[in-house]
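Working through the structure, step by step
For reference, the chains in residue letters:
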Amino acid sequence: MDLAIIVIIQVLYAVAGLVIVSAGLAVIFGMMKVINLAHGEFMMLGAYATITAHGLGLNLWLAMLVVAPIAVGLVGVVLERLVIRRLYGRMVDTMLATWGLSLLLVGIVTSIAGNTTVGVSAPLGSFSIGAYSVSSYTLVIIAVAVVLALAIRWVLTKTSWGLIARGTMQKPEMADALGISPGRVYSVTFAVGAALSGLAGALLAPLTGVVPTMGGAFIAKAFITVIGGGPAILAGLVSASGLFGAINQLGTFLTTPVLGEVALLFTAIVMLRLLPQGITGRFFKGSL
Amino acid sequence: MTAFASSWRSAALTLAIGVVLLLALPGLVDDFTLIQLTIYAVMAILGVSLGFIWGFGGILCFGQAAFFGLGAYTYAIAVINIGDSTIPFLLAIVVPALFAALLGYVIFYGRLSDVYMGVITLTVTLILFNLVNSTAGPEWKIGSAPLGGFNGIPGIPTLNVPGDPDAVLSQQSLFTVSMVCLLLVYAGLRWLIASKLGRVIIAAKENEQRVLLLGYDARVYKLICFSLGGAIAGLAGCLFANWGAFTSPTIFGLAMSAQIIIWVIVGGLGTLVGPVVGCVVIQWLSTQIGTQQTFNSNLVLGAILVVFVLLVPRGIVPSLGDVIAAAWRRRRAPAAKQAIPAPLAPTETAG
């Protein structure tokens, strides 16, 4: 019984982890059709922002939930202006340019912070279920993922900003004619996506250890989740995270963490052969 | 592409330069430099493999390093088990080609777009990296070859004269073998591109719909092109394993894949010489960066990639060709104008 609860918590945790890691990418890819290969490095920047702010004496929660998203969001605005803006509509070029950015960011941070692992310890300690001990931070991750999914839904459906953004992505000329600057909407959307990536990096910092190259560990999982999810931003994100997270965690339980990850990526490739449009290309059509 | 770049003259010129280098270099430089040049030739083969599938097949593969690594590992494992290097050499080409065919089947028959293609190839590379990286224990072995995990496989036997395991190639002959492979690959691909098969492959890149309507199954042609790219990358991997007598999982890494793409972008997409030029320039630059501490190599490579995508999207070789062609035309303009109307002007002077 205790083991069953632990397994459920761990599976939820894996799913939540995927939601958090992929949310920023889902917003940028889902809304703007921009494949941001610098996603992992945005996460890395978020993690470093947290560590730096915490090192300067700021409260850890404040550093994670406020400083990191804002800092990375600002970086996103700058990079959108300098690079991404020139490449809208050229998907492959965008991919290459963002990959260049990813290497560039790794290089810059390595020059500044050095190629060593730094970290913060996970806050809140742990509690026990029967004979097993669970880190309370696990529950924080699950809670944040739920809040994040609800928040994305709320912004996109209930606020005028979400309506404007979705309208602009569908028909930029029409939005332009109605007095909305598409350029500014793109800019803000990219910044929001970057901020979500930064938040993800900050939340994972206590769990993974922070190195300039940490982004590479998440990029494949994040991409496969977003692409496996398909066209609907939120439904795709949640359904793909659910499927892949469960497979990853169960695989990890039965074998080793490495094979669990391999199982995740392998399932994703087989699934894309069967459902080239992703999960929401076939199911949950018309959802958000 | 200019007419000159696709004419047989350019192929002959390139091959002639290659043969001169092949014959002259071993006499001109010392052994250490020759060993450095060998790795340039090996990496150039890898660059050409991506230049071919991307520039002519329109397949953007972010995981060309997977085939390269697979070639290196296949050779290493097979040669440790077999001893004689003839069969391992062939296996190192066939296994990556089959793997590419399998992967290509998933991608092309699932009709995934190029963006998804990029992500899937990237993912496969990471799977291989993770898998091989985790095989450190002594229980992971194939035949008598331990996989070594993150430590890699050291002491890989070098290529020998086919059929005679004792006649191992020297470092000088390894340079010759690598250069000959590079030139053969180049010549073979130039021939392929000019053949009917190559024309259909290029046509499928330009307009898949139209190719389908003309009765060609574009998926088959893309699959052939992709598998061929895998085979060539595998060959490069085999030579790489020979060069250092060592292979490790880092050759499956993202950094490796990124490098190959940078070579092609910098050198020039849509040419076969471009990737070679890009490879040599970037490899040389990386070595130079390695000797100083101010700039990190990731930083420089990333900056180069961004700048080229934004400002020189066609790469060095085609851009340089344009500049030279324009200068040439300016010089000959008065004469040419009188002779023939511009659209029909002989373009053999271009490039």
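What counts and what doesn't
Residues numbered from 1 in each chain as written. Chains lettered and ligands numbered in written order. Predicted model: local features only at pLDDT ≥ 70, side-chain atom pairs only at ≥ 80, totals over all residues. Helix = DSSP H or I, 4+ residues; strand = E, 2+ residues; numbered from the N terminus. Rg over C-alpha atoms; globule rule 2.2 N^0.38 Å. Buried ≥ 20, exposed ≤ 12 C-beta atoms within 10 Å, placed from the backbone. Contact = placed C-beta atoms within 7 Å. Axes fitted to C-alpha atoms, helices over the stretch in contact; angles between N-to-C directions. Parallel < 35°, antiparallel > 145°, perpendicular 65-115°, else oblique. Left-handed = near helix turned anticlockwise from the far one by under 90°. Nonpolar A, V, L, I, M, F, W, Y, C, P; charged D, E, K, R; others polar. Core = buried A, V, L, I, M, F, W, Y, C linked by C-beta atoms within 7 Å. Expected span 1.5 Å × (residues − 1). Pairing = 2+ DSSP bridges. pLDDT = per-residue confidence, 0-100.

**A word on the overall build of chain B**
The helix and strand tally for chain B stands at 14 helices and two strands. Relative to the compact-globule value of 20 Å for 351 residues, chain B shows a C-alpha radius of gyration of 21 Å, a close match. Principal-axis analysis of the C-alpha atoms gives chain B an extent of 75 × 50 × 45 Å. Sorting the 351 residues of chain B into buried and exposed places 45% on the buried side.

**Notes on the overall build of chain A**
For chain A, the helix and strand inventory stands at twelve helices and two strands. For chain A, the succession of helices and strands along the chain, N to C, is α-α-α-α-β-β-α-α-α-α-α-α-α-α. Its C-alpha atoms give chain A a radius of gyration of 19 Å, within 12% of the compact-globule value 19 Å for 288 residues. The principal-axis extents of the C-alpha atoms in chain A amount to approximately 65 × 45 × 35 Å. Classification of the 288 residues of chain A by burial places 49% in the buried group. Counted over contacts in chain A with a minimum sequence separation of 6, partners at least 24 positions apart contribute 76%.

**Structural notes on the environment of leucine 182 of chain B**
Residue and element names in this part refer to chain B. By the element assignment, leucine 182 lies in helix α7 (residues 171–194). A tally of 25 C-beta atoms within 10 Å means that leucine 182 is categorised as buried. Residues leucine 182 and leucine 310 lie 128 residues apart in sequence; the distance between their C-alpha atoms is 30 Å. Ignoring any residue separated from it by four or fewer positions in sequence, one finds leucine 182 in contact with Ala41, Ala44 and Ile45.

**A look at unusual backbone geometry**
Look at lysine 33 of chain A: it is not a glycine, yet its phi comes out positive at around 55 degrees. Relative to the elements of secondary structure, lysine 33 of chain A occurs in the loop between α1 (2–32) and α2 (39–55). A tally of 13 C-beta atoms within 10 Å means that lysine 33 of chain A is categorised as partly exposed. Phi is positive for alanine 245 of chain B, which is not a glycine, with a value near 55 degrees. With respect to the helices, strands and loops of the structure, alanine 245 of chain B is situated in the loop between α10 (218–244) and α11 (254–267). A count of 13 C-beta atoms within 10 Å places alanine 245 of chain B in the partly exposed class.

**Thoughts on the packing of α1 of chain A against helix α9 (residues 216–229) of chain A**
Residue and element names in this part refer to chain A. Running from N to C, α1 and α9 cross one another at 60 degrees; their axes reach a closest spacing of 9 Å. The pairing of α1 with α9 is recorded here as oblique in orientation. Note that α1 runs across α9; the crossing there is right-handed. In this structure, α1 contributes Leu18, Val21, Ser22, Leu25, Ala26 and Phe29 to the contact, and α9 contributes Phe218, Lys221, Ala222, Phe223, Thr225, Val226 and Gly229. Here the contact of α1 with α9 is built from residues that sort into nine nonpolar, three polar and one charged.

**Describing the interface of chain B and chain A**
Interfaces are often described in size by the accessible area the parts lose on coming together. Across the boundary between the two partners, chain B contributes 33 residues, which contact 35 residues of chain A. At the level of secondary structure, the elements contributing two or more residues to the side of chain B that touches chain A comprise α6 (114–133), α11 and α13 (297–311) of chain B. In the side of chain B that touches chain A, the residues fall into 23 nonpolar, eight polar and two charged.

**Considering the nonpolar core**
Ile45 and Leu305 of chain B are the most contacted members of the largest nonpolar core, which has 199 residues in total. Per-element tally for this core: the top contributor is α1 of chain A, with 17 residues. If we skip the residues at most four places from it in the chain, leucine 305 of chain B touches Leu96, Trp99, Gly100 and Leu103 of chain A together with Ile262 and Ile265 of chain B.

**Let's talk about the environment of arginine 81 of chain A**
Residue and element names in this part refer to chain A. Of note, arginine 81 is situated in helix α3 (residues 60–82). Under the C-beta neighbour-count criterion, arginine 81 is labelled partly exposed, with 13 such atoms within 10 Å. Distance in space between the C-alpha atoms of arginine 81 and serine 187 is 7.5 Å, their sequence separation being 106 residues.

**Things to note about helix α4 (residues 91–113) of chain A**
Within an α-helix, residues lying three or four positions from one another point in the same direction, as the helix has 3.6 residues per turn. A rise of 1.5 Å per residue sets the reference length of α4 of chain A, with its 23 residues, at 33 Å; its end C-alpha atoms lie 32 Å apart and thus fit the reference within 8%. Immediately downstream of α4 of chain A, the backbone of glycine 114 of chain A shows phi near 80 degrees, a positive value.

**Concerning helix α8 (residues 182–208) of chain A**
All names here are of chain A. For α8, built from 27 residues, the straight-helix expectation of 39 Å at 1.5 Å per residue is met to within 8% by its first-to-last C-alpha distance of 38 Å. For α8, the tally of buried residues reaches 20 of 27 residues, placing the bulk of the element in the interior. Glycine 209, located one to two residues past α8, shows a positive phi value of around 85 degrees.

**Brief notes about the pairing of strand β2 (residues 132–135) of chain A**
Residue and element names in this part refer to chain A. Relative to β2, strand β1 (residues 126–129) is paired through four bridges, and the arrangement is antiparallel. Pairing of serine 128 across the sheet is with serine 133, part of β2. In this structure, the hairpin formed by β1 and β2 is closed by a connection of two residues, where glycine 130 is found at a positive phi of approximately 60 degrees.

**Side note on the packing of helix α5 (residues 86–109) of chain B against α10 of chain B**
What describes two packed helices is the angle between their axes and the distance between those same axes. Residues and elements named next belong to chain B. Two elements in contact, α5 and α10, have axes separated by 7 Å at closest approach and are oriented at 145 degrees. Handedness of the crossing formed by α5 with α10: right-handed. Residues belonging to the contact of α5 with α10 are distributed by class as follows: 18 nonpolar, six polar and two charged.

**Focus on the environment of glycine 216 of chain A**
If you trace the backbone, glycine 216 of chain A turns up in helix α9. C-alpha of glycine 216 of chain A to C-alpha of tyrosine 88 of chain A: the two residues are 128 residues apart in sequence and 24 Å apart in space. If near-sequence neighbours (up to four positions away) are discounted, glycine 216 of chain A is found in contact with Gly40 of chain A together with Leu254 of chain B.

**Observations regarding the confidence of the model for chain B**
Residues shown with low pLDDT carry predicted positions that ought not to be read at fine detail. Residue and element names in this part refer to chain B. The predicted model of chain B averages 84 in pLDDT, with 92% of residues at 70 or higher. Taken element by element, chain B is modelled with least confidence in helix α1 (residues 3–6), mean pLDDT 66, and with most confidence in α10, mean pLDDT 93. Predicted confidence is poor over residues 339–351, with pLDDT under 50, and the contacts of this stretch with residues over four places away or in other chains come to 20 contacts. Across the predicted assembly, pTM comes out at 0.84 and ipTM at 0.79.

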